[in-house]
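Inside the fold
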Amino acid sequence: MLFIDTHTHLDGHEFDDDRDEVISRAKAAGVSKVFIPAVDLPSVDTVLAACGRYPGYAYPMIGLHPEEVKADWPDVLARMRSRLEAPGHPFIAIGEVGLDYFWSREYEKEQLCAFEEQLKWSIEFGLPLMIHCRKAQNEMVNLMRHYADELPGGVFHCFTGNSKEAEELLRFDKFVLGIGGVLTFKKSHLPEVLPANVPLSRIVIETDSPYMAPVPMRGKRNESAYALYVLQRLAECYDVDENEIADATNHNVMRIFGGRI
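So, here is what we can say about the structure in this document.

Points about the nonpolar core
Judged by nonpolar contacts, the single largest core of 74 residues is most densely connected at Met144 and Leu234. For this core, the element with the highest residue contribution is helix α8 (residues 227–238), accounting for eight residues. If near-sequence neighbours (up to four positions away) are discounted, leucine 234 is found in contact with Ile179, Leu183, Leu194, Ile203, Ile205 and Ile245. If you look at the next biggest cluster of nonpolar residues, it comprises 14 residues, including Ile4, Tyr59, Val253 and Ile261.

With respect to the packing of aromatic side chains
By the definition in use, this model includes seven aromatic pairs. Consider the rings of tyrosine 226 and tyrosine 229, whose centres lie 6.0 Å apart with planes at 50°: the pair is tilted. On the basis of relative accessibility, which here comes to 14%, the residue tyrosine 226 falls in the buried class. An aromatic cluster is present here, built from Phe35, Tyr59 and Phe257 joined pairwise through their rings. Here lysine 27 stacks its cationic end above the ring of tyrosine 57, 4.9 Å away from the centre of that ring. A cation over an aromatic ring shows up here: arginine 218 above the ring of phenylalanine 185, its NZ or CZ 3.6 Å from the ring centre.

Section: the pairing of strand β5 (residues 129–134)
The side chains of a regular strand alternate, first on one face of the sheet and then on the other. Summarising the sheet, strand β4 (residues 94–100) and β5 pair through six bridges and their orientation is parallel. The partner of isoleucine 94 across the bridge, within β5, is leucine 129. As a crossover connection, the stretch from β4 through helix α4 (residues 108–125) into β5 is right-handed. The sheet contact formed by β5 and strand β6 (residues 154–156) spans three bridges and is parallel. The residue bridging leucine 129 from the neighbouring strand is glycine 154, located in β6. The parallel pair β5 and β6, bridged by helix α5 (residues 137–144), forms a crossover whose chirality is right-handed.

Things to note about the pattern of salt bridges
Per the stated rule, a full pass over the model turns up 17 salt bridges. A salt bridge links arginine 53 to aspartate 20, with the shortest nitrogen-to-oxygen separation between them at 2.8 Å. Of this pair, arginine 53 sits in helix α2 (residues 41–53) while aspartate 20 is found in helix α1 (residues 19–29), placing the two residues 33 residues apart along the sequence. Between glutamate 236 and arginine 233 there is a salt bridge, with its nearest N and O atoms 3.0 Å apart. Of the two residues, glutamate 236 and arginine 233 both sit in helix α8, three residues apart, roughly one turn of that helix.

Topic: the sheet that holds strand β2 (residues 31–36)
Read across the sheet, three strands follow the order β1-β2-β3 without closing on themselves; strand pairing throughout is parallel. In this open sheet, the two strands that pair with only one neighbour each are β1 (3–5) and β3 (58–60). Between one strand axis and the next, the sheet turns by 20° as a mean value, whatever way the strands run. By the bridge criterion, three bridges tie β2 to β3 in an arrangement that is parallel. Residue pairing for β3: isoleucine 36 is matched across the bridge by proline 60. α2 contacts β2 and β3 of the sheet and is inclined by roughly 150° relative to β3. Contacts from helix α9 (residues 242–257) reach β1 and β2 within the one sheet, and its direction differs from that of β1 by about 55°.

What about the side chain of glutamine 137?
Position of glutamine 137 among the secondary structure elements: in helix α5. Residue classification places glutamine 137 among the buried positions, given a relative accessible area of 16%. A distance of 3.3 Å separates a polar atom in the side chain of glutamine 137 from the backbone oxygen of glutamate 165. In contact with glutamine 137, other than residues within four places in its own chain, are Glu165, Glu168 and Leu169.

Comments concerning the pairing of strand β7 (residues 175–179)
Extensive coverage of β7 is indicated by the burial of five of its five residues. Bridge count between β6 and β7: three bridges; the pairing is parallel. Of the residues in β7, the one forming a bridge with valine 155 is valine 176. In terms of handedness, the path from β6 via helix α6 (residues 163–170) over to β7 forms a crossover that is right-handed. Regarding the hand of the β-α-β motif, the stretch spanning β7, helix α7 (residues 190–197) and strand β8 (residues 203–205) is right-handed.

Definitions and cut-offs
Residues numbered from 1 in each chain as written. Predicted model: local features only at pLDDT ≥ 70, side-chain atom pairs only at ≥ 80, totals over all residues. Heavy atoms only, no water. Core = buried A, V, L, I, M, F, W, Y, C linked by side-chain atoms within 4.5 Å. Buried < 20%, exposed > 50% of the residue type's maximum accessible area, 1.4 Å probe, protein only. Helix = DSSP H or I, 4+ residues; strand = E, 2+ residues; numbered from the N terminus. Contact = heavy atoms within 4.5 Å. Phe/Tyr/Trp six-rings, centres within 6.5 Å; stacked < 30°, edge-to-face > 60°. Lys NZ or Arg CZ within 6 Å of the ring centre and 35° of its normal. Pairing = 2+ DSSP bridges. Right-handed = clockwise from strand over helix to strand, strands pointing away. Salt bridge = Lys/Arg side-chain N within 4 Å of Asp/Glu carboxyl O. Axes fitted to C-alpha atoms, helices over the stretch in contact; angles between N-to-C directions. Polar contact = N/O pair within 3.5 Å; in protein donor to acceptor, adjacent residues only side chain to side chain.

Bear in mind that shape data such as this cannot, by itself, settle questions of function.
The structure is reproduced here in structure tokens:
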């Protein structure tokens, strides 16, 4: 049984001491590919380095994470854009991008402007989006509606919402929800929300490693091998065989990311 981790920060310093072993464990668990998002300008190079180390297995994304949006965002995006304009660039998506007002709204307007610019990149370059959203779904949805017909699709990363929020996001019919370790948490309502509101054709698996490790690894550094626990919990929630989850989510990944992987 093979499946895909659509979101891991494998380039992070947390993996500097055992990155090869992390990849080996992921492969042993059945992870056939991993996707790595950039979050700022320096991480573009660390992401490319990690993907270069594991060709045909690790795939890069490029984008400015909302928590990294500061006053210099226009310059940062200009420099990122130059990487996208390079012939034969390797990026499979625009991400990790979005809005995050959890800690502060200090750069609220800047986040909105940076996100809108990267929505336009998605359209211009024909690349799907990897979208991060925390405490900002209304603002995100309102902005995305202006581009809904043109956007090629993507992933709403780390979905943890309720049925109403799921319904709102699924109206963007070329997008899927990224489901990770939160599904396995004791107090999570996702085991009820997902089967009742989200068909398997609208889900992909992710870890967001090294963050949010699933039960039974909660509290430890997350890694791609632990995506298997997410898959197993999804099978329980939807009352289907684990292979059906793997097949459905793999199909969804191929639909979104197409011939780039």
